[in-house]
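Secondary and tertiary structure notes
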Amino acid sequence: MSSPAKKRKLNNATKNEKPQSKGLEYFFSKQKQNGGSPAAVPESSPAGVDEAPLTDEELARKLQAEWDKEAAQMNAQNSNKTKITETQEKNETEEPATVDEPQLEQPKSADPVAFFGGKKTLALQSAGMDEDNITISIPLDEPPLTFEPSKYIDQLKDHWYKDGGHASYALLTRCFVLVSGTTSRIKIVDTLVNCLRLLIEGDPESLLPAVWLATNSISPAYISMELGLGGSAISKALKQVCGLDSRSLKTLYDKYGDAGDVAFEAKKKQSFTLRKPKPLSIKGVYQSLVKIATTQGQGSNEIKQRIVDRLLQDARGGEESRFIVRTLCQHLRIGAVKTTMLIALSRAFLLSKPADAEYETKDISSLAKLRKEELAEVWAKAEETVKACFAKRPNYNDLIPNLLQIGVCEELLIRCGLALHIPLRPMLGSITRDLSEMLTKLQGRDFTCEYKYDGQRAQVHCDENGKVSIFSRHLELMTDKYPDLVELVPKIRGDGVSSFIMEGEVVAVDSATGELRNFQTLTNRARKDVEIGSITIQVCLFSFDLMYLNGQSLLDRPFRERRELLQSLFTEIPCRFTWVKSLDATSAESETVLDFFKSATENKCEGIMVKILDNLPDVAYMGGDDAETKEEEPKLQIPKSKSKGKAKAKSDNGDQIEPAKKKSRRKALLATYEPDKRLDSWLKVKKDYSSSFDTLDLIPIAGWHGQGRKAKWWSPILLAVRNEESGTMEAVCKCISGFTDVFYKANKAFYDDGSETGEPKNTRLQMPSFIEYSGPMPDVWFEPQEVWEMAFADITLSPTYTAAIGLVSDERGLSLRFPRFLKKRDDKSLEEASTNEFLAGLWRKQEASATTAGGASKVAEEDEDAE
Ligand code: ATP
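Below is a short write-up of the structure. (Residues numbered from 1 in each chain as written. Predicted model: local features only at pLDDT ≥ 70, side-chain atom pairs only at ≥ 80, totals over all residues. Heavy atoms only, no water.)

Looking at the packing of helix 7 (residues 207-214) against helix 17 (residues 396-406)
Counted only if it meets this: Comment: axis = line fitted to C-alpha atoms, over the contacting stretch for helices; angle = value between 0 and 180 degrees taken between N-to-C directions. Comment: elements are numbered from the N terminus, with helices defined as DSSP H or I runs of at least four residues and strands as E runs of at least two. To sort the angles, those under 35 degrees are grouped as roughly parallel, those over 145 as roughly antiparallel, those from 65 to 115 as roughly perpendicular, and the leftovers as oblique. Helix crossings fall into two classes, left-handed where the near helix is turned counterclockwise from the far one by less than a right angle and right-handed where it is turned clockwise. By the convention used here, residues are in contact when the closest approach between their heavy atoms is within 4.5 Å. Each residue receives one of three labels: charged for Asp, Glu, Lys and Arg, nonpolar for Ala, Val, Leu, Ile, Met, Phe, Trp, Tyr, Cys and Pro, and polar for the others, Gly being one of them.
The geometry of helix 7 relative to helix 17 is characterised by a closest axis approach of 10 Å and an angle of 140° between their N-to-C directions. Between helix 7 and helix 17, the interaxial angle falls into the category oblique. Taken as a pair, helix 7 and helix 17 cross one another with a handedness that is right-handed. Along the contact surface, helix 7 presents L207, L208, V211 and W212, while helix 17 presents Y396, N397, I400 and L404. Partitioned by chemical class, the residues of the contact of helix 7 with helix 17 number seven nonpolar, one polar and no charged.

The following block contains the structure:
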């Protein structure tokens, strides 16, 4: 399930098919053309509703009569079951309506059919308010060591039982409300832990769906399950369910920006329902999403629309509607991303277990007595286990059932180990400023430098039957994209190899000479269902790692050994399959390394990847940001001009460098393959971008009308970093540099305000609530969709921008001087854009080097329009 925040690149997307989160106004403009009417009777009536052409009021009366009858029968069995209540939702404070009011009024009495003034509107409300009260009264954000699920479970179960037996969506909603209402990571984790514990102890079956919903997805990346809902489906549902006309809805949308917030407001204004609401359960909501994603073929749009309508009809009150709509838009914004969820799961399973499970849980009172550091250690150990499992098998469908059975233990690592045709999360490299920083970090170690090819990372799985799966860096299945690689596998697989998982970079090459082609060439290759005969862009797989061989994981083997196996057991096929070009070296061989780096960049590579070859636990790790360690380190210099013979590494003052004798507090770097970790045992050294050694991956969020020649385009463009904690985007700079006219034109067509076409696309007029920006207002806001790699001269403390505020200064944020567009990062989702934390880290690094160089940072005016 892709999302603006989590824009998954699926194998089945065609070249120009970008997942788009269209502004609702785009759909309104279409609906206006079709003549939308206020509170129209649904085109496709909800299940069970007679298709007779009744007015809304007649229909509601008819239904009410039916429900009254039904309610009377049910009352006989259980006098508590169905209630008609006031529509005013408890615990929700109505905001004064400053927008155009919809044509329906709130009823003021509990009378099922109430007539007010001259307007005669109907008033019905769902049963189940009791449950809301119970859920709301649970202190979900309490510290888990004082929170006692057992106090609430019986009562909750009682209510869940009445509504069908499974945990209510109200519980998850309550958790979302609390989580999105705080920026405190501790509170977010605590709330999630408590909610998960209630489910583990009260309704374990609902745990897995709850985890999918909270992580804003319905399946792992490698299983293609897309909701495929347009914004129009949601606006249609809002109109039908909440009785709004297009104008009222548009006004709400313009005011609130976020579709979930619109749903919240719209639901508050709803005064009747056209079908008897059924309280939503977590399981039910998840199943509805799966149904939306899996419904295909003729009539599927209608079926999907009915499901969306139903979800919104059944949502109780504003908050449930808000989160249902955010889920449908695939942008939940609760900050419970993968890492937070894994941490919460590890803690929840240390403290709770299902009634029928036999594993040991921790005694809460003993944990409460531990010192802070001791407790942190207990949490950290469990976290590490759960994260390691998920890195090797990133699928909650595997993790959760096992946790429910055996809790957090060593066996979990075995049960959730590597498996063929399930991609592991790749190991990542840390960025270094330049070669000398790399050499400094790796002093005393044997390492290998490899060409850093500019292509697409591929994880190739092959089982003993010869079945091949190929996965991308983001774990999407892309076997269909590379049938030529699939065909290659039997030829490269040596005699002794039955099954394997290998990693490499797929690069476009000249089929005759094998000469490397740039990344752009590779992107011209079709992404789906490629026929071998139709391939025009030939690729070569440059393999660089082997993680699994003949039924055994190699993750714990040192890289030298894995590489040895990779090179000895597989067969090279010129221009189609080979190994990455490499050079083994040590920090003393700086000149040879420099030559290798140069040859990499001359051969269209982005730079080099440097990898530790052996595990040497007794050698101190010299890298990292630890100031204490840094001070002790002499810095290695790369020779400016090449001299004959191997130059000895020198420190700043010219002294020869010996491997550091003093032991650092840090652990030695390991040469093992660490899935999903970005460690210094893999270092990226990229070619200089001339103005800056670091680049940022920013999100374009708004634009101004250009001047003169650029009058028709957006220029400057406002860019933002992500704040992972709050789920917001923080504006960091305006940019007008590095764009070509062709780019500007395409950019305007993509972020179209509709001024010429009449059909706005990917834009909105109001600042969305998830943007942090207080400078001069742009002319248009972009729907965040893209990640752009940006160079810059340096980072400045800013009087205007609030990016990373609170991280380096309480009063000022950070901005960039001379920002320059480098390229679009089509391979990156919004979730992978640079964060405020990362920006703050770069600033600190810059300040540290400025201080050693005798400089100091000043508050600078951003160089907004430098070109
Ligand atoms: P990352 O993948 O580290 O999150 P990123 O998406 O910004 O960062 P880069 O900084 O370009 O990517 O570098 C990492 C990528 O380089 C790898 O994911 C891989 O696709 C590619 N690569 C090319 N050559 C190699 C190599 N020899 N070893 C490892 N990765 C390589």
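A closer look at the sheet that holds strand 10 (residues 607-612)
Applicable threshold: At least two bridges found by DSSP between two strands are what make those strands a pair.
The strand order across the open sheet formed by five strands is 1-11-10-2-9, and the pairing between neighbours is mixed. Since the sheet does not close on itself, it has two edges, and those belong to strand 1 (428-432) and strand 9 (582-585), each with one partner. Shown here is a sheet whose adjacent strand axes are inclined to one another by a mean of 35°, direction ignored. Strand direction decides the pairing type here: strand 2 (residues 447-452) and strand 10, joined by six bridges, are antiparallel. Across the sheet, Y451 pairs through a bridge with I608, a residue of strand 10.

Remarks on the site of the ligand
Selection rule: One heavy atom within 4 Å of a molecule or strand makes the whole residue count as near it. Any pair of N or O atoms that falls within 3.5 Å is considered a polar contact. Within protein, one atom must be able to donate a hydrogen and the other to accept it, and sequence-neighbouring residues count only if both atoms are side-chain atoms. To measure how exposed things are, a 1.4 Å probe is used in the Shrake-Rupley method; for residues, cover is taken only from the protein chains shown.
Surrounding the ligand, one finds 19 residues, the nearest of these being R473, E505, R678, K684 and K686. Contact distances for the ligand include 3.5 Å between an oxygen atom and a side-chain N or O atom of E606. With respect to the ligand, the side chain of R825 contributes an N or O atom lying 3.2 Å from an oxygen atom. Contact with the protein chains covers 92% of the free accessible surface of the ligand, which is 600 Å². The element contributing the most residues to the shell around the ligand is strand 11 (residues 678-686), with four residues. Looking at the shell around the ligand residue by residue, the classes come out as seven nonpolar, no polar and twelve charged.

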